[in-house]
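Residue-level listing of the chains:
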Amino acid sequence: MTPTQTDLAQRAEQLLREDAKKIEHLIAVQLDNLTAPKCPLYEEVLDTQMFGLSREIDFAVRAGLITREQGRSIISELEQKLAHLYSTVLPSPNLQQG
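Residues numbered from 1 in each chain as written. Predicted model: local features only at pLDDT ≥ 70, side-chain atom pairs only at ≥ 80, totals over all residues. Heavy atoms only, no water.

### Concerning the overall build of the chain
If you tally the helices and strands in the chain, you get three helices and zero strands. Secondary structure elements of the chain, listed N to C terminal, follow the sequence α-α-α. Here the chain holds 98 residues, and the buried ones make up 28% of them. If you take every contact in the chain between residues at least 6 apart in sequence, the share linking residues at least 24 apart comes to 67%. (Helix = DSSP H or I, 4+ residues; strand = E, 2+ residues; numbered from the N terminus. Buried < 20%, exposed > 50% of the residue type's maximum accessible area, 1.4 Å probe, protein only. Contact = heavy atoms within 4.5 Å.)

Printed below as a string of structure tokens:
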């Protein structure tokens, strides 16, 4: 890659990671404010945001700005962060004693 291509690739990855961070923040705010995280509106927002990010990543991969592995990494890291958010906000059925 030429320096310009490298700069462009780094900028593309940075922007995608910023978008992933925005989704994480949006979900954190919703989890803090919703009493029923399984509500259809919450799930629709999450699905829409994740779909939009996946389309952005797909475009960046097809344009040669990032590798498919970088794209998978961004999605995987976001999914892990969201799973952590869920685990801190929602009680785990495994921890409930009966």
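Now, onward.
### Considerations on helix α1 (residues 3-33)
Taking 1.5 Å of rise per residue, 31 residues should cover 45 Å, and α1 covers 45 Å from first to last C-alpha, within 8% of that figure. Those residues of α1 that sit buried are A9, A12, E13, L16, A20, I23, E24, I27, A28, Q30 and L31. (Expected span 1.5 Å × (residues − 1).)

### Considering the nonpolar core
Core analysis: the largest hydrophobic core is formed by 20 residues, its most contacted members being L16, I27, L53, I57, I66, L78 and L82. Among all residues touching L78, those that are not within four sequence positions of it are A20, I23, E24, M50 and L53. (Core = buried A, V, L, I, M, F, W, Y, C linked by side-chain atoms within 4.5 Å.)

### Remarks on the side chain of E24
Mapped onto the elements, E24 comes out in helix α1. Given a relative accessible area of 14%, E24 falls into the buried group.

### Things to note about the environment of K22
When you line up the elements, K22 lands in helix α1. We classify K22 as exposed; its relative accessible area is 57%. For K22 and Q49, which are 27 residues apart along the polypeptide, the C-alpha to C-alpha distance reads 9.4 Å.

### What about the packing of α1 against helix α2 (residues 40-62)?
Running from amino to carboxyl end, α1 crosses α2 at an angle of 175°, the nearest separation of the two axes being 10 Å. On the basis of the axis angle, α1 is roughly antiparallel to α2. Along the contact surface, α1 presents L16, D19, A20, I23, L26, I27, Q30 and L31, while α2 presents Y42, V45, L46, Q49, M50, L53, E56, I57 and A60. (Axes fitted to C-alpha atoms, helices over the stretch in contact; angles between N-to-C directions. Parallel < 35°, antiparallel > 145°, perpendicular 65-115°, else oblique.)

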